[in-house]
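So you can see what is in the structure, the chains are spelled out below.
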Amino acid sequence: MATSAPRHPAAPRTTDDGTGGDSSDAEARSAAFQAAFDAAVAADERIEPRDWMPDAYRATLVRQIAQHAHSEIIGMQPEANWITRAPSLRRKAILMAKVQDEAGHGLYLYSAAETLGVGRDELLDKLHSGRQKYSSIFNYPTLTWADVGAIGWLVDGAAITNQVPLCRCSYGPYARAMVRVCKEESFHQRQGYELLLALSRGTEAQHAMAQDAVDRWWWPSLMMFGPPDTESAHSAQSMAWKIKRHSNDELRQRFVDICVPQAESLGLTLPDPELRWNEERGHHDFGAIDWTEFQEVLKGRGPCNEQRITQRRRAHDEGAWVREAAAAHAAKHSSPAATREGRAA
Ligand SMILES: [Fe+2]
Ligand SMILES: [Fe+2]
């Protein structure tokens, strides 16, 4: 459908339209909106901001997009840790570009969330007060330069596996943001792979450093796909709404199958003795994930939870003057006098 026209242009936003219609009229309208929404989702059409949507669909999207946006900006921290210590100008330039991309991803996603009627201030406030989450993966430390490579290869790689299907998400603004994000994530994944390849083919110490980073990042990367399908609270409904297209376990399996041959090309080993090709399934079998660790990190007891949120709050406070200046600049340029001046110039 056209992206600019609301699905129900003449429809009231709520069932109480002030016309004094009785409750059965309101119920009938509500049912008609729901039916139109269901039909649009079933037909793989996009739901746009001004279309009617169930409250729970809106709330699910806000929760997911906010968590995604928060992950992008918190995710800048572990890698920014290495910008000043990158081993060459080339590596430094690449890493700076990558970390800036992550800030941009946060901006696209906060904008997508705003189309659902929530303010950016409100979302950031929820992040800072711990009422909304970000991906647990960013609560692990970056101990060596090789961690920058392992994050690019594995963490950005897992993010791509998760996000490519989101380009077909039923909510238009989220799906469109994902198209651009995925293109940039693909560059991030390649830079990580290329960095690890250089280390793996380098000296013995460099090879060992690359292997150590992969050993530490492999399992947390598998946890990025979320709990097993049997325990995933929101999965079934999200798939019915076509926000999500594949289950957590399906995506995790896809990621493992992609990584195994890449690890071989890198000359590195994935730290799982149970990892092997299963001819019957046509997939790799892999060992059990330590979900206790996942739950601990989720509850705030990971190695860097405290540090990440403290640094985020500090960055937000220190940026207050930039937000105030930008708001003052915008107000100045949107006043009628400024518009007249602009035209005369
Ligand atoms: Fe990103
Ligand atoms: Fe990325």
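Calculation rules
- Residues numbered from 1 in each chain as written.
- Chains lettered and ligands numbered in written order.
- Predicted model: local features only at pLDDT ≥ 70, side-chain atom pairs only at ≥ 80, totals over all residues.
- Heavy atoms only, no water.
- Helix = DSSP H or I, 4+ residues; strand = E, 2+ residues; numbered from the N terminus.
- Buried < 20%, exposed > 50% of the residue type's maximum accessible area, 1.4 Å probe, protein only.
- Contact = heavy atoms within 4.5 Å.
- Lys, Arg positive; Asp, Glu negative; His and termini not counted.
- Charge placed at Lys NZ, Arg CZ, Asp CG, Glu CD.
- Donors = N, O, S within 2.8 Å, 3.2 Å for Na, K, Ca; no water.
- Tetrahedral: all angles 85-135°; square planar, octahedral: opposite > 155°, others 65-115°.
- Salt bridge = Lys/Arg side-chain N within 4 Å of Asp/Glu carboxyl O.
- Phe/Tyr/Trp six-rings, centres within 6.5 Å; stacked < 30°, edge-to-face > 60°.
- Lys NZ or Arg CZ within 6 Å of the ring centre and 35° of its normal.
- Axes fitted to C-alpha atoms, helices over the stretch in contact; angles between N-to-C directions.
- Parallel < 35°, antiparallel > 145°, perpendicular 65-115°, else oblique.
- Polar contact = N/O pair within 3.5 Å; in protein donor to acceptor, adjacent residues only side chain to side chain.
- Left-handed = near helix turned anticlockwise from the far one by under 90°.
- Disulfide = S-S within 2.5 Å.
- pLDDT = per-residue confidence, 0-100.

Visitor: Teacher, can you tell me more about the overall build of the chain here?
Guide: If you tally the helices and strands in the chain, you get 14 helices and 2 strands. C-alpha extents for the chain along the principal axes are approximately 80 × 60 × 35 Å. Counting all 345 residues of the chain, 46% fall into the buried class. Long-range contacts, defined here as pairs at least 24 residues apart, represent 77% of the contacts in the chain between residues at least 6 apart. Computed over 40 positive and 46 negative side-chain charges, the inter-centroid distance for the chain is 6 Å.

Visitor: Explain the coordination of the iron ion (ligand 1) to me, please; I cannot follow it from the model alone.
Guide: Octahedral metals with six donors have ideal donor angles of 90 or 180 degrees. Tetrahedral metals with four donors have an ideal donor angle of 109.5 degrees. Bound to the iron ion (ligand 1) are the protein donor atoms E72 (OE), E102 (OE), H105 (ND1) and E185 (OE), situated 2.0 to 2.2 Å from the metal. Taken together, the 4 donor atoms coordinating the iron ion (ligand 1) span angles of 86 to 145° at the metal, a pattern that classifies the geometry as irregular. One chain supplies every donor for the iron ion (ligand 1), spaced along it as E-x29-E-x2-H-x79-E. A separation of 3.4 Å is found between the iron ion (ligand 1) and the iron ion (ligand 2), both of which receive a donor from E102.

Visitor: For this particular structure, what's the right way to read the coordination of the iron ion (ligand 2)?
Guide: Distances from the iron ion (ligand 2) to its protein donors, E102 (OE), D156 (OD), E185 (OE) and H188 (ND1), fall within 2.0 to 2.2 Å. Classification of the site at the iron ion (ligand 2) as irregular follows from its 4 donor atoms and the range of 83 to 161° in their angles at the metal. One chain supplies every donor to the iron ion (ligand 2), and in sequence these donors are spaced E-x53-D-x28-E-x2-H. Looking at H188, the relative accessible area reads 0%, which means it is buried.

Visitor: I'm lost on the pattern of salt bridges in this one. Help?
Guide: Proximity of charged atoms lets side chains of opposite charge pair with each other. Enumeration according to the criterion identifies 17 salt bridges in this entry. We note a salt bridge from E79 to K98, for which the minimum N-O separation is 2.6 Å. Remark: K98 occurs in helix α4 (residues 89-114) and E79 occurs in helix α3 (residues 76-80); sequence separation between them is 19 residues. The class of E79 is buried, set by a relative accessible area of 2%.

Visitor: Would you mind going over the packing of aromatic side chains with me for this structure?
Guide: The way to describe two aromatic rings as a pair is by their centre distance and the angle between their planes. Counted under the stated rule, the structure contains 9 aromatic pairs. When the centroid spacing of 6.4 Å and the interplanar angle of 65° are considered together, the rings of W82 and W145 count as edge-to-face. Highlighted residues: W82 in the loop between α3 and α4 and W145 in the loop between α5 (120-128) and α6 (146-163), separated in sequence by 63 residues. Neither residue differs from the other here; W82 and W145 are each classed as buried. One cation-aromatic arrangement involves R85 over W82; the distance from NZ or CZ to the ring centre is 4.0 Å.

Visitor: Would you explain unusual backbone geometry in this entry?
Guide: Leaving glycine out, the prevailing phi sign among residues is negative, and the prevailing peptide bond configuration is trans. Although it is not a glycine, D44 adopts a positive phi angle of roughly 65°. For D44, the position within the fold is in the loop between α1 (23-42) and α2 (55-74). Not every positive phi belongs to a glycine, and K242 is a case in point at roughly 60°. Mapped onto the fold, K242 is located in the loop between α9 (235-240) and α10 (248-266).

Visitor: What's the story with the packing of helix α7 (residues 172-200) against helix α8 (residues 204-223) in this structure? I'm lost.
Guide: Packed helix pairs are specified by the crossing angle of their axes together with the interaxial distance, meaning the distance between the axes. The interhelical angle for the contact between α7 and α8, taken along N-to-C directions, is 135°, at an axis separation of 7 Å. What the angle tells us is that α7 and α8 run oblique. Residues L196, L199 and S200 of α7 pack against Q206, H207, M209, A210 and V214 of α8.

Visitor: Can you walk me through the environment of I47 in this structure?
Guide: The topology assignment puts I47 in the loop between α1 and α2. With 123 residues separating them along the chain, I47 and S170 place their C-alpha atoms 5.9 Å apart.

Visitor: Hey, could you run me through the side chain of H68 in this one?
Guide: Mapped onto the elements, H68 comes out in helix α2. With relative accessibility at 10%, the residue H68 sits in the buried group.

Visitor: Honestly, the side chain of R308 in this entry has me stumped. Any pointers?
Guide: One can find R308 in helix α12 (residues 305-318). Polar side-chain contacts of R308 include one of 2.6 Å to the backbone oxygen of F138. Discounting chain neighbours no more than four positions away, the residues touching R308 are I74, Q77, P78, Y134, F138, N139, Y140 and P141.

Visitor: What is the right way to look at the packing of α6 against α7 in this model?
Guide: Relative to each other, α6 and α7 sit at 145°, their axes nearing to 7 Å. Regarding α6 and α7, the two cross each other, and that crossing is left-handed.

Visitor: What should I look at first to understand the state of the cysteines in this one?
Guide: Think of a disulfide as a covalent bridge from one cysteine sulfur atom to another cysteine sulfur atom. Here the structure, examined in full by the defined rule, presents 0 disulfides. Left unpaired, C182 is separated from the closest cysteine sulfur, that of C167, by 3.9 Å. In this structure C259 is not part of a disulfide, and its nearest cysteine sulfur, from C182, lies 16 Å away. Relative accessible area serves as the criterion here: at 2%, C259 is assigned to the buried category.

Visitor: In this structure, what is going on with the confidence of the model for the chain? I would like to understand it.
Guide: Parts of the model with low pLDDT should not have their predicted coordinates read in detail. With 91% of its residues at a pLDDT of 70 or more, the chain has an overall mean of 91. Ignoring residues within four places in sequence, the model shows residues 1-5, a span with pLDDT below 50, making 9 contacts including any to other chains. A low-confidence stretch, residues 9-18 (pLDDT under 50), is modelled with 11 contacts involving residues beyond four sequence positions or located in other chains.

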